[in-house]
Amino acid sequence: MMAECLKNENVQIAFGYPGAAICPFLDYLYRSPIKNVLVREEQNAAHEASGYARASGKPGVCVATSGPGATNLITGIATAYMDSIPLIVITGQVSSELLGRDVFQEADITGACEPFTKHSYLVKSAADLPRIFKEAFHIASTGRPGPVLIDVPVDIQMEEVPEFVYPQKANIIGYKPRTTGHAMQVKKALAAMAEAKRPVLVCGGGVVLAGARDELVAFAQSSGIPVVSTMMGIGVVPMDSPLYLGMIGMHGHKNANRAMHEADLIILCGARVGDRAVSAPEQMGEKATIIHIDIDPAEIGKNVTAHIPIVGDIRLVLRDFIEQSAVSVPKEWIDAVLRYKKEFVPGGEPDNSSGFVEPRSFMRVLSSLMEEDAILTADVGQNQIWAARNFNVKEGRFLTSGGLGTMGYALPAAIGAKLAKPRRQVLCICGDGSFQMAMCELGTLCQNDVNIKMIVMQNDRLGMVKEIQDNKYGSRYAMTLLQGNPDFVKIAEAYGIPAAIATSNGEAERLAKEMFASDRAFILVCRVNPDAPTI
Amino acid sequence: MKYTLSILVENQPGVLSKVSGLFSRRGFNIDSLAVGITEDPAISRITIVVNGDEYIVEQVEKQLNKLIPVIKVKVLQPDLFISCELSLIKVNCPTKQRAEIMKIVELMHAQIVDVATTSLTIQLTDNDERTQTLISLLKPYGIKEIVRAGTLAIEKGPTTARKQNS
């Protein structure tokens with residue numbers, strides 16, 4: 001019956017790992033047209049579902065058994081929660097009559113996941129399943145999206161229900177997300193924009209989630225307001241477009257941060273002003289008027305005090321802006337931000353002599369070699385910042401774990417994204433640390449013949465932390481040296497995946513071209529100088 | 001400052017842990033919490049008294065609203081609601097002091113609900129301030145046990161928490 005619910009929600013694929021307590025459901029799934037993908041560790045089932053959800057725009061489905069299967073999912077669920085990714089997480093649970101007795105493979109997963117789920121269900125009766133699934137999909141994919149957990153005891157999975165009727169609509173009295181922005185607030189915002197001398201538009205992950213890319217670009221173009229982006233907002237505005245200034249924050253572009261600093265009006269679009277994007281949010285409002293647009297009312301006033309809050313779907317609010325706005329940005333401001341942009345020189349020059357690939361310039365080359373609508377996934381650490389700062393995402397996507405900062409995200413997310421968009425080029429960028437966290441998924445990749453391209457930036461260090469230790473802890477490298485790294489090319493060979501190693505930028509470029517030309521998965525290992533800077 | 005919140009929730013398993021978990025997770029302090037069903041058996045009311053500033057109470061309200069089973073959150077306006085709390089107080093009471101304690105009980109409009117040779121159990125339904133007064137009056141006799149139910153609150157006049165929902 002649960003498989004029947006998924007079919008009604010038009011689910012095409014489920015990522016998971018089996019166990020006794022989820023077997024009845026898996027058996028139904030096996031006999032349904034839904035494709036099931038066996039992962040190699042449960043956390044990656046959630047990441048693959050997340051990559052799938054982000055690439056397809058539909059909730060991703062992942063499945064695990066009770067106890068350790070479920071607890072292994074937690075990091076994946078929390079990762080999705082922090083980045084507001086819609087997931088349906090289905091876990092098996094021990095039999096209803098044994099609940100609470102600490103039997104084999106029992107864990108209170110709804111309790112454990114309480115802080116990381118948008119909502120969760122512990123199913124008490126099979127008759128509730130259709131309603132619960134309908135509600136779960138509705139909750140996961142509307143408003144501010146997020147993961148929803150459905151924990152189903154094994155006896156309930158087997159329970160026969162006389163008649164299966166799938167509800168047409170979810171009716172939850174306490175859940176009615178607001179979509180259109182309040183007309184008065186929109187007016188106030190437009191008035192503030194008309195008065196502003198130095199406005200800046202901040203594009204956050206909410207713009208991506210709302211599918212408001214076209215609206216944001218259209219509004220930026222019609223109003224002429226310069227755009228900066230948070231890490232989660234990368235890819236909304238192509239980096240080569242004239243009024244795009246770059247990424248803000250701790251690891252952001254200097255000119256983008258400078259524009260934020262000098263602005264007298266900051267329009268936050270689906271950006272929650274996390275600490276990595278703005279280090280002192282309380283000071284932001286002292287110098288500038290802040291318009292904060294978010295679908296989640298709780299984000300408004302949480303990290304930054306907004307002068308003009310607008311609760312609503314960013315897409316609809318931006319449409320209101322486009323229709324009603326007659327903003328003209330003073331030329332001096334445009335000239336200034338364009339001058340800052342011009343003065344900004346991205347770091348890193350190609351290196352063909354030291355035996356290492358210079359990562360930042362290589363990222364720029366990689367980006368020029370890829371198709372316009374390619375999907376890029378980046379892991380966490382130096383590789384993430386190299387990619388975020390230097391990649392030119394045009395029509396494609398940039399997928400990374402921005403909120404929780406989960407290492408090992410890029411590879412499974414890339415697999416999920418490729419399964420959602422088989423025709424698109426998918427590139428995964430990892431460090432040697434993060435790659436090893438998810439390396440087991442090469443098995444999933446082979447089993448499902450997933451053609452993704454992988455780049456492993458190997459410096460035999462956990463580079464981001466090493467850099468912190470260099471700056472603050474007297475270069476005492478506690479737990480950051482990856483001695484004992486394997487030969488990644490041989491690992492790839494063991495899986496039957498073509499691979500190569502590059503020790504100079506010239507070689508890396510040549511191999512990357514070869515990699516993109518091949519119609520199979522490929523691992524390109526780049527040797528990177530351990531002292532290569534992040535920024 | 002203390003704020004009283006009236007929260008209507010769907011009466012389903014786990015809802016109380018969802019609400020209380022949110023408080024501990026976000027570092028909000030609960031002064032008291034009381035739950036019971038309402039005129040509609042499918043809906044329960046949770047009355048919470050929190051200690052905090054305006055920022056905290058605004059965050060509490062917004063975060064509570066995000067919970068799916070939460071139907072309505074209302075921060076009650078000071079002076080515009082009635083609140084009371086039920087307390088049961090067991091106090092040492094040798095026979096010779098009984099009359100004395102009964103006098104206090106009468107004075108405070110409390111009730112004696114159990115009598116034994118060496119103790120008395122007193123029931124009081126009143127606001128926090130008067131409850132504290134009774135407790136301090138009884139203290140010299142030796143209080144053995146106090147059971148308090150948590151503050152209940154209802155708005156004055158015809159206004160209800162639910163009405164403003166629509």
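Residues numbered from 1 in each chain as written. Chains lettered and ligands numbered in written order. Predicted model: local features only at pLDDT ≥ 70, side-chain atom pairs only at ≥ 80, totals over all residues.

Student: Sorry, what's going on with the overall build of chain B here?
Tutor: Scanning chain B from terminus to terminus reveals 4 helices and 9 strands. When the elements of chain B are put in sequence order from the N terminus, they spell out β-α-β-β-α-β-β-α-β-β-α-β-β. Along the first, second and third principal axes, the C-alpha atoms of chain B reach 60 × 35 × 30 Å. In chain B, which comprises 166 residues, the share counted as buried stands at 26%. (Helix = DSSP H or I, 4+ residues; strand = E, 2+ residues; numbered from the N terminus. Buried ≥ 20, exposed ≤ 12 C-beta atoms within 10 Å, placed from the backbone.)

Student: What's the story with the domain arrangement of chain A in this structure? I'm lost.
Tutor: One frequent convention defines the size of an interface as the accessible area lost when the parts assemble. Residue and element names in this part refer to chain A. Segmentation of chain A into domains returns domain 1 (2–158), domain 2 (183–343) and domain 3 (359–527). Relative to domain 3, the C-alpha centre of domain 1 lies at a distance of 28 Å. The partner domain 3 presents 26 residues to the 23 residues of domain 1 that form the contact. Per-element tally for the side of domain 1 that touches domain 3: the top contributor is helix H3 (residues 42–56), with 10 residues. In terms of residue class, the side of domain 1 that touches domain 3 is built from 10 nonpolar, 8 polar and 5 charged. (Domains from an automatic or database assignment. Contact = placed C-beta atoms within 7 Å. Nonpolar A, V, L, I, M, F, W, Y, C, P; charged D, E, K, R; others polar.)

Student: Just checking my understanding: could you explain the interface of chain B and chain A for this structure?
Tutor: Residue-level contacts link 15 residues of chain B with 14 residues of chain A. Looking at the side of chain B that touches chain A, the elements with two or more residues in it are helix H1 (15–25), helix H2 (54–66) and strand E4 (70–75) of chain B. In terms of residue count, H2 of chain B provides more of the side of chain B that touches chain A than any other element does, 6 residues in total. Of the residues belonging to the side of chain B that touches chain A, the class tally is 4 nonpolar, 5 polar and 6 charged.

Student: Hey, could you run me through helix H14 (residues 331–343) of chain A in this one?
Tutor: Working note: α-helix, 3.6 residues per turn, so residues spaced by three or four point in the same direction. Residue and element names in this part refer to chain A. Along its 13 residues, H14 runs 18 Å from first to last C-alpha, staying within 8% of the 18 Å computed at 1.5 Å per residue. Considered for burial, the residues of H14 that qualify are Trp 333, Val 337, Tyr 340 and Lys 341. The buried residues of H14 occupy an angular sector of 100° when projected down its axis, which confines them to one face. Along H14, the residues that are exposed and aim more than 90 degrees away from the buried face are Lys 331, Glu 332, Asp 335, Arg 339, Lys 342 and Glu 343. If you follow the buried residues of H14, they end up packed against strand E9 (244–247) and helix H11 (254–262). (Expected span 1.5 Å × (residues − 1). Arc of directions from axis to C-beta.)

Student: How do you make sense of the pairing of strand E15 (residues 426–431) of chain A when you look at a structure like this?
Tutor: A regular strand carries its side chains on alternate faces of the sheet. Residue and element names in this part refer to chain A. Most of E15 sits out of view: 6 of its 6 residues are buried. Burial of E15 is two-sided: the residues Val 426, Cys 428 and Cys 430 facing one way and the residues Leu 427, Ile 429 and Gly 431 facing the other way are all buried. Where strand E13 (residues 375–378) lies against E15, 4 bridges are found, and the strand directions are parallel. Bridge assignment links Thr 377 to a residue of E15, and that residue is Cys 428. Pairing between E15 and strand E16 (residues 453–458): 5 bridges, direction parallel. Residue pairing for E16: Ile 429 is matched across the bridge by Ile 455. (Pairing = 2+ DSSP bridges.)

Student: What exactly am I supposed to notice about the sheet that holds strand E14 (residues 397–400) of chain A here?
Tutor: The strands that make up a sheet pair up through hydrogen bonds in the backbone, lying either parallel or antiparallel. Residue and element names in this part refer to chain A. Sheet architecture is open: 6 strands sit in the order E14-E13-E15-E16-E18-E17, paired in parallel fashion. Sheet topology places E14 and strand E17 (499–502) at the edges, where each strand pairs with a single neighbour. For this sheet, the mean angle separating the axes of adjacent strands, direction not counted, is 20°. Of the pairings in the sheet, the one linking E17 to strand E18 (residues 522–527) comprises 4 bridges and is parallel in character. From the neighbouring strand, Ile 501 faces E18, where its bridge partner is Val 525. (Axes fitted to C-alpha atoms, helices over the stretch in contact; angles between N-to-C directions.)

Student: Looking at this structure, how should I read the domain arrangement of chain B?
Tutor: Domain annotation for chain B reports domain 1 (2–75) and domain 2 (85–149). Spacing between the C-alpha centres of domain 1 of chain B and domain 2 of chain B amounts to 31 Å.

Student: Can you help me understand the sheet that holds strand E2 (residues 35–38) of chain A in this one?
Tutor: All names here are of chain A. One open sheet holds the 6 strands; their spatial order is E2-E1-E3-E4-E6-E5, and the pairing between them is parallel. The open sheet has two edge strands, E2 and strand E5 (119–122), and neither has a second partner. Between one strand axis and the next, the sheet turns by 20° as a mean value, whatever way the strands run. Relative to strand E6 (residues 147–153), E5 runs parallel, the two being bridged by 4 bridges. Paired with Leu 122 across the two strands is Asp 151, which belongs to E6. Packing against the sheet, helix H4 (residues 68–82) makes contact with strand E3 (60–64), strand E4 (87–93) and E6, and its axis sits at approximately 165° to E4.

Student: Would you explain unusual backbone geometry in this entry?
Tutor: In the Ramachandran plot, Met 479 of chain A falls in the positive-phi region, its phi being about 60° despite a non-glycine side chain. You can see Met 479 of chain A is positioned in the loop between helix H20 (463–472) and helix H21 (488–494). Positive phi, close to 55°, is recorded for His 109 of chain B, a residue that is not glycine. When you line up the elements, His 109 of chain B lands in the loop between helix H3 (98–107) and strand E6 (111–115).

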